[in-house]
Amino acid sequence: MGKLHELGRCYISGPISGRDLSVVRARFARVADSLSRRGYLPVNPLENGLPAHSPWEEHMAEDITTLMRCRAIYMLGDWQTSHGARLEHAIATRCELQIIYENGDYA
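In this report, we go over the structure that sits alongside the text. The structure displayed is predicted, hence computed values, not measured ones.

**Thoughts on the overall build of the protein chain**
- Across its full length, the protein chain holds three helices and four strands.
- Listing each helix as α and each strand as β along the protein chain from the N terminus yields β-α-β-α-β-α-β.
- A compact globule built from 107 residues should have a C-alpha radius of gyration of about 13 Å, and the protein chain, at 13 Å, falls within 12% of that.
- Its C-alpha atoms put the protein chain at 40 × 30 × 25 Å along the principal axes.
- Within the protein chain, the proportion of its 107 residues that are buried is 39%.

**Observations regarding the environment of Pro55**
- Turning to its location among the elements, Pro55 is positioned in the loop between β2 (40-43) and α2 (56-67).
- For Pro55, a relative accessible area of 40% puts it in the partly exposed group.
- For the pair formed by Pro55 and Leu87, sequence separation is 32 residues and the distance between their alpha carbons is 16 Å.

**Digging into the pattern of salt bridges**
- On inspection of all chains with the given rule, the structure shows four salt bridges.
- Among the salt bridges present, the one from Asp78 reaches Arg19, with a minimum N-O distance of 3.3 Å. Here Asp78 is found in the loop between β3 (72-75) and α3 (83-94), whereas its partner Arg19 is found in the loop between β1 (8-13) and α1 (21-37), with 59 residues between them in sequence.
- Accessibility expressed as a relative area gives 23% for Asp78, which makes it partly exposed.
- Its relative accessible area of 39% is what places Arg19 among the partly exposed residues.
- Among the ionic pairs, Asp78 bridges to Arg27, the shortest N-O distance being 3.0 Å. One end of the pair, Asp78, is in the loop between β3 and α3; the other, Arg27, is in helix α1, and 51 residues separate them in sequence.
- Taken together, the shared-partner salt bridges connect Arg19, Arg27, Asp78 and Glu102 into one network.

**What to know about the packing of aromatic side chains**
- Under the counting rule described, the total for this entry stands at one aromatic pair.
- Taken together, a centroid distance of 6.3 Å and an interplanar angle of 40 degrees make the contact between Trp79 and Tyr101 tilted. With Trp79 in the loop between β3 and α3 and Tyr101 in strand β4 (residues 98-101), this pair connects stretches of sequence that are 22 residues apart.
- For Trp79, a relative accessible area of 11% puts it in the buried group.
- Judged by its relative accessible area of 16%, Tyr101 falls in the buried class.

Rules used throughout
- Residues numbered from 1 in each chain as written.
- Predicted model: local features only at pLDDT ≥ 70, side-chain atom pairs only at ≥ 80, totals over all residues.
- Heavy atoms only, no water.
- Helix = DSSP H or I, 4+ residues; strand = E, 2+ residues; numbered from the N terminus.
- Rg over C-alpha atoms; globule rule 2.2 N^0.38 Å.
- Buried < 20%, exposed > 50% of the residue type's maximum accessible area, 1.4 Å probe, protein only.
- Salt bridge = Lys/Arg side-chain N within 4 Å of Asp/Glu carboxyl O.
- Phe/Tyr/Trp six-rings, centres within 6.5 Å; stacked < 30°, edge-to-face > 60°.

See below:
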């Protein structure tokens, strides 16, 4: 595909809260690997530097700050079931980031 990460930073968005964290970590890691192979620098919110048990609001504040430094967002197929992912999608839309949907749609 050319140079590694030539397409810029791509934030991964999807449900995390209330899910089995080991399953979520594996899923986000698979997506990060796929994005990297496609030429993006994947940004995994599970690696935001905060402890997993930190309040949701702290995670969202950090994640939104991180999202604002990205050129694209990758929406997992079930993103609409997550309040946080819906917020991230709204911000990405408003900021005109490239939006990539797991189901293959592009915005």
